[in-house]
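# Summary of the model geometry
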Amino acid sequence: MKKLLYIALSILVIQSCTNQSDTKLPILGNREPVERTVDGKTVVDTIYQTISPFSYFNQDSVIITDKDFDGKIYVADFFFTSCNTICPIMHRNMLDVYKKFKDNPKVKLLSHTIDIKYDLPSRLKTYATKLGVEGNQWEFVHGSRDSIFNIAAKNYLVSAFEDSSDPQGLVHQGWFILVDTKKQLRGAYDGTKADQVKQLIADMDKLLREEAADEK
Amino acid sequence: MRNRFIYIFLFLFIPVITIQSCQNEDSITYKRYFVNGKGLYEKNCQNCHGADGKGLGTLYPPLTDSTYLIANKQKLACIIRNGQTEQITINNVVYQGKMPGNNNLADIDIAQLIVYITNSFGNKQGQYDQAEVARDLAACK
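Residues numbered from 1 in each chain as written. Chains lettered and ligands numbered in written order. Predicted model: local features only at pLDDT ≥ 70, side-chain atom pairs only at ≥ 80, totals over all residues. Heavy atoms only, no water.

### Looking at the confidence of the model for chain B
Low pLDDT means the predicted coordinates in that region are not meant to be read closely. A residue-level look at chain B finds 97% of positions with pLDDT of 70 or above and a mean pLDDT of 89. Mean pLDDT values for the elements of chain B range from 83 in helix 1 (residues 2-44) of chain B up to 94 in helix 5 (residues 107-117) of chain B. (pLDDT = per-residue confidence, 0-100. Helix = DSSP H or I, 4+ residues; strand = E, 2+ residues; numbered from the N terminus.)

Have a look at this one:
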């Protein structure tokens, strides 16, 4: 009887250890099952939601597309430069993420402005420079109103819209969305909360390990 | 004999107690300003200037430079109420941006904010009351 207990305990311990290193981040968003037939048996595949192709101007007035993010994991958010509510807190936190993964060729950051009229690429450039961001690892992008608000709502599942009752006329959520190399959503973190951003950094490390293992 | 002890005790300690209670009232006012100021700071200023008063890059200036805050103390009330667009230099770094005004803040709120800011982040300038703020605001450009 005692032996059994020891065995059960050791199994538990071993399992808890392996679990820690093996856990993968969940895949978020909508999914649909697709049935197909393999060797006469019906198999169900799950198709996960992915980010649709996009094309925007970045802070250097260069067109960037989803192709620039191929083979990389990235974090996306929505903001505008004259926002004085949650954006400064978000980008103070995002700056920590930027510093942690600076010059890592597998990591990019993508901030979409939702102030289409005011935040032209030149303004985004000034903003990035003042924030202390150089190069194009962290892209600040400007697109048409529809393309930005659509990709926010349908692809990144972040609420962002124009609202005349708001003092600044624009309302948006402060989520940081983690996207993997397959363009799937792997995490959503409140960018205004320091502990969630710490979790994001830890999860990015985890995702990078997963991607490296998949490549082998 | 016992009465004499009590008289001597009272004679000696009443002035001490009186002085101390006076100081306490001043320091209570100061503490009240400071605590209320902290709440107002969190609501109106902290997003940009940060919980540690360090600002953010060169987008938002820090509030940690005692020299600037001492030299411009009379301007602080106007800056908080009406915002600021002019270029400023802090610790040899140029800041060019637009700080929005806060018309919703009363004189007393501004006084409490100034007490909090000029006594936090490495600053130690002491009390600043509502009357001084009203005087500063009257002189706004």
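### Description of the interface of chain A and chain B
Taken together, the 11 residues of chain A in the interface contact 14 residues of chain B. Taken together, both faces of the contact between chain A and chain B bury some 980 Å²; the carbon and sulfur share is 55%. Where chain A meets chain B, there are zero salt bridges. Between the two partners, chain A and chain B, sit six residue pairs in polar contact (both at pLDDT 80 or more). Every element with two or more residues in the side of chain A that touches chain B is listed here: helix 2 (87-100) and helix 3 (121-131) of chain A. Of the residues belonging to the side of chain A that touches chain B, the class tally is six nonpolar, three polar and two charged. (Contact = heavy atoms within 4.5 Å. Buried area = accessible area lost by both parts, 1.4 Å probe. Salt bridge = Lys/Arg side-chain N within 4 Å of Asp/Glu carboxyl O. Polar contact = N/O pair within 3.5 Å; in protein donor to acceptor, adjacent residues only side chain to side chain. Nonpolar A, V, L, I, M, F, W, Y, C, P; charged D, E, K, R; others polar.)

### Some words on helix 5 (residues 194-215) of chain A
Each α-helix turn comprises 3.6 residues. Residues three or four places apart therefore point the same way. All names here are of chain A. With 22 residues, helix 5 ought to run about 32 Å at 1.5 Å a step, and its terminal C-alpha atoms sit 32 Å apart, in line with that. Among all positions of helix 5, only Val197, Leu200, Ile201, Asp203, Met204, Leu207, Leu208, Glu210 and Glu211 are buried. Buried positions along helix 5 lie against strand 5 (73-79), helix 2, strand 6 (107-113), strand 10 (175-179) and strand 11 (185-190). (Expected span 1.5 Å × (residues − 1). Buried < 20%, exposed > 50% of the residue type's maximum accessible area, 1.4 Å probe, protein only.)

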